[in-house]
Amino acid sequence: MIPWFAIPGIALVAYGTYAGLFLAPADYQQGDAFRIIYVHVPAAYLSMMTYMVMAISAGIGLIWRIKLSHAVSAGAAPLGAWFTFLALITGSIWGRPMWGTWWEWGDPRLTSQLLMLFIYFGYMALRAAIDDPAKADKASGILAMVGAVNIPIIHFSVEWWSSLHQGATLVREGGPAMPVEMLYPLLANILGFTFIFGALLLGRVRTEVLFRERRKRWVRNLVFPEGGDA
Amino acid sequence: MNDAMAMGDYGAYVWSSFGLTLIVLAICVVQGVLRHKSVLRDVKTRIRAMESDQ
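Residues numbered from 1 in each chain as written. Chains lettered and ligands numbered in written order. Predicted model: local features only at pLDDT ≥ 70, side-chain atom pairs only at ≥ 80, totals over all residues.

*Asks:* What's the story with the overall build of chain B in this structure? I'm lost.
*Replies:* Tallying secondary structure elements over chain B gives two helices and zero strands in all. Here chain B has a C-alpha radius of gyration of 22 Å; the compact-globule value for 54 residues is 10 Å, and the former is much larger. The C-alpha extent of chain B, read off along each of the three principal axes, is 70 × 15 × 10 Å. Counting the 54 residues in chain B, one finds 17% classified as buried. (Helix = DSSP H or I, 4+ residues; strand = E, 2+ residues; numbered from the N terminus. Rg over C-alpha atoms; globule rule 2.2 N^0.38 Å. Buried ≥ 20, exposed ≤ 12 C-beta atoms within 10 Å, placed from the backbone.)

*Asks:* Just checking my understanding: could you explain the overall build of chain A for this structure?
*Replies:* When helices and strands are counted, chain A shows eight helices and zero strands. Across chain A, helices and strands are ordered from the amino to the carboxyl terminus as α-α-α-α-α-α-α-α. Per-residue burial for chain A yields a buried fraction of 38% across its 230 residues. Partitioning the intrachain contacts of chain A with sequence separation of at least 6 by distance along the chain shows that 77% fall at a separation of at least 24. (Contact = placed C-beta atoms within 7 Å.)

*Asks:* What's the story with the environment of alanine 81 of chain A in this structure? I'm lost.
*Replies:* Residues and elements named next belong to chain A. Tracing the backbone through its elements, the reader meets alanine 81 in helix α3 (residues 67–99). Considering only alpha carbons, one finds alanine 81 and leucine 143, 62 residues apart in sequence, at a separation of 15 Å. Apart from the residues within four sequence positions on either side, alanine 81 is in contact with Leu117, Tyr120, Phe121 and Met124.

Dropping the structure here:
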């Protein structure tokens, strides 16, 4: 099932990146620097979406005691951490020419995003520290759910407080504030990155399930098919 | 083409952002594959050990 996500994902990102870099007109205020949006926004969007996937599946796992749900949660965490890191670093590279600074301590959008990176790290460290999978699921699941309060804070930070970070461009009253030549490549990249995330997550969950069920009969049959010799 | 590569004066910022994105995506793929291989190897070792005991 992984290629079903990977192939459209790569195609969309190839189009979005090419069109974003070479076809879209330069921004009248930011010049060509605005093109960083084509990687920054998908990374930032996915960093939060992955968190929601992680927290919701942890919640489902805790309430209905579904092991697969915890495997999804555990598989999502490293991907979310990478997307968060990417959003922070591309934002920093964008901030340097636009704001004159790589980083601004105390800026609500920047610090709440950094906090999310630490929550991802905490989640993974907690899982790694507990040997008993059931206990690890429970403890890390609670952490993931509590940490979810940070998500609306990140999202609304640019409205609630004054921030260096620009306001919303896509989801705003009156529709996206962009001409279509800029908008379509961005939407393609957001959708494409989401497909790629889907492919990566499927792979991670498969590994996680295999690891959890390593003592089960079906795993033995999978690894050594038709009762062959080990 | 050189103009397009220069990105105004922002070439270094734009290209490093896109380059880093590619690197991070590549790391995500490689990390996933390596982890899968190591789990598969552990599973095989465990099964072999168990079955040779019998």
